[in-house]
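# Chains, contacts and geometry: an overview
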Amino acid sequence: MALADAPGSDGATGGFPRPARMVSLGSVPPPALILLGIVSVQVGAGMAKHMFDRISPDAVVLMRLATSAIVLGFIGRKVLRTVLRDHTRGDLAVAAGFGLTLALMNFSIYQSFARIPLGVAVTIEFLGPLTVAIVASRRLRDVVWALLAFGGVVMLARGGELDMVGIAFGLLAGVCWAGYILLSAATGKRFAGSTGLALASIVGTFAMLPIGVTSGGSALLSPELLLIGLGVGLLSSLIPYSLELEALRRMPARVFGILMSLEPAVAALIGVLLLGEILSGRQWLAIGCVVVACVGATRGQQDPPEAPEA
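Okay, so let's go over this structure. (Residues numbered from 1 in each chain as written. Predicted model: local features only at pLDDT ≥ 70, side-chain atom pairs only at ≥ 80, totals over all residues. Heavy atoms only, no water.)

This part takes up the environment of V295. Structurally, the position occupied by V295 is in helix α15 (residues 281-299). Residue V295 is classed as partly exposed on the basis of its relative accessible area, which comes to 24%. Leave out the neighbours within four places in its chain, and V295 touches I258 and S261. (Helix = DSSP H or I, 4+ residues; strand = E, 2+ residues; numbered from the N terminus. Buried < 20%, exposed > 50% of the residue type's maximum accessible area, 1.4 Å probe, protein only. Contact = heavy atoms within 4.5 Å.)

Shown next as structure tokens:
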């Protein structure tokens, strides 16, 4: 999951430096940027799961959130100095809610990763954004896509070999992802650039700090694990965030949504390649049902006349 899955998180100030972004990404086709971002997120997830035998998932979540908070805080440091003065309590409450949702979403999906295959967990989690898209569209034919996605998840859950706690954490992550989308949009309307996202990352880091430190213990002092945790944070959040922002400037949001629907399938492939998580034919079919439902729900949507920049 990247940090920019919803409108309103980028603008004229507080974002990534424009010259460097244009030089490095401007010549890359937008679909390629989206696919690279998806692969980056799932490789980061695979790296995180590799760490679970040496450090707890909670500690890895803390590392990921802290990486985002430090980098985004540094980028938006000038704006953050006056954020309390320039924004109302309501604005700050929205950003805080966004940060708590971000922390719970990451906590839940990593707990799911620890119990069930990567591709299965991401497929279940994808019910969150799919539900938001279907509810927002209000088209009768989207009921078909909803039933197809639900059937795919039921097929996964009834496989018999999956941990039900892992499935429950995946569903919780999906609920949080739905909330993340809505709160991301609300935060983007109140804060310029990546300021709101930086605030949310800081709040999320402090929320996870007691849990992560308690469960991680002395392992958090290991230079090797800290370096891998930094890589997880960059691959899972900051790199796909910048790639998505650049792609959204040059492609319709509808096309973006269709391409993002490939994420469960990519997660399953990364699980096979990096983690040796061999899935059954039934599980691949279930993942395919969710992917098709996501593509179908996104394909018929009309882009707004003036879509937000991100």
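Next comes the rest of the account.
So, on to the packing of helix α3 (residues 57-75) against helix α12 (residues 223-248). With their axes 8 Å apart at the nearest point, α3 and α12 run at an angle of 60° to one another. In terms of axis orientation, α3 runs oblique to α12. By crossing handedness, the relation of α3 to α12 is classed as right-handed. Here α3 contributes V60, M63, R64, T67, S68, V71 and L72 to the contact with α12, which in turn contributes L225, L226, G229, L230, V232, G233, L234, S236, S237, L238 and Y241. In terms of residue class, the contact of α3 with α12 is made up of 11 nonpolar, 6 polar and 1 charged. (Axes fitted to C-alpha atoms, helices over the stretch in contact; angles between N-to-C directions. Parallel < 35°, antiparallel > 145°, perpendicular 65-115°, else oblique. Left-handed = near helix turned anticlockwise from the far one by under 90°. Nonpolar A, V, L, I, M, F, W, Y, C, P; charged D, E, K, R; others polar.)

Among the residues of helix α8 (residues 127-137), L127, G128, P129, L130, A133, I134 and S137 are the ones counted as buried. Immediately downstream of α8, the backbone of R138 shows phi near 60°, a positive value.

Let's shift gears to the nonpolar core. If you look at the biggest cluster of nonpolar residues, it comprises 79 residues, and the most contacted ones within it are I34, I55, V60, Y110, F113 and L130. Ranked by residue count, the leading element in this core is helix α6 (residues 89-113), at 9 residues. What I34 contacts, discounting residues up to four positions off in sequence, is E244, A247, M251, F256, L259 and M260. (Core = buried A, V, L, I, M, F, W, Y, C linked by side-chain atoms within 4.5 Å.)

Moving on: the pattern of salt bridges. One pass over the structure, following the stated rule, counts 5 salt bridges. With a closest N to O distance of 3.3 Å, R190 and D91 form a salt bridge. Placement of the pair is R190 in helix α10 (residues 164-190) and D91 in helix α6, with a sequence separation of 99 residues. Classification of D91 by relative accessible area gives buried; the value is 15%. Among the salt bridges present, the one from E246 reaches R250, with a minimum N-O distance of 3.2 Å. (Salt bridge = Lys/Arg side-chain N within 4 Å of Asp/Glu carboxyl O.)

This part takes up the environment of Q111. Note that Q111 resides in helix α6. Once residues within four sequence positions are removed from consideration, Q111 is found in contact with P57, D58 and F169.

Before going further, it helps to spend a moment on α12. Taking 1.5 Å as the rise per residue, α12 with 26 residues should run 38 Å; its terminal C-alpha atoms sit 36 Å apart, in good agreement. By the largest-angle criterion, L234 marks the main kink of α12, which is about 40°. (Expected span 1.5 Å × (residues − 1). Bend = angle between axes of the 7 residues up to and from the residue.)

Right, let's talk about the packing of helix α9 (residues 142-157) against α15 for a bit. The geometry of α9 relative to α15 is characterised by a closest axis approach of 8 Å and an angle of 160° between their N-to-C directions. In terms of their interaxial angle, α9 and α15 are classed as roughly antiparallel. Seen along the crossing, α9 lies across α15 with a hand that is left-handed. The residues of α15 that touch α9, namely those facing D142, W145, L148, A149, G152, V153, M155 and L156, are R282, Q283, L285, A286, C289, V290, V292, A293, G296 and A297. For the contact of α9 with α15, the residue count by class is 13 nonpolar, 3 polar and 2 charged.

What follows is about the side chain of T101. Within the fold, T101 resides in helix α6. Among the residues examined, T101 registers a relative accessible area of 15% and is labelled buried. Side-chain polar atoms of T101 contact the backbone oxygen of G97, separated by 2.8 Å. Those residues in contact with T101 that sit more than four places away from it in its chain are C176, G179, Y180 and L183. (Polar contact = N/O pair within 3.5 Å; in protein donor to acceptor, adjacent residues only side chain to side chain.)

On the surface, L227, L230, L234 and I239 cluster together to form a nonpolar patch covering roughly 320 Å² of accessible area. As for its position among the elements, L234 is in helix α12. Looking at L234, the relative accessible area reads 31%, which means it is partly exposed. (Patch = residues over 30% accessible without salt bridge, like charges linked within 9 Å, V, L, I, M, F, W, Y side chains within 5 Å. Areas by Shrake-Rupley, 256 points an atom, 1.4 Å probe, with all protein chains shown as cover.)

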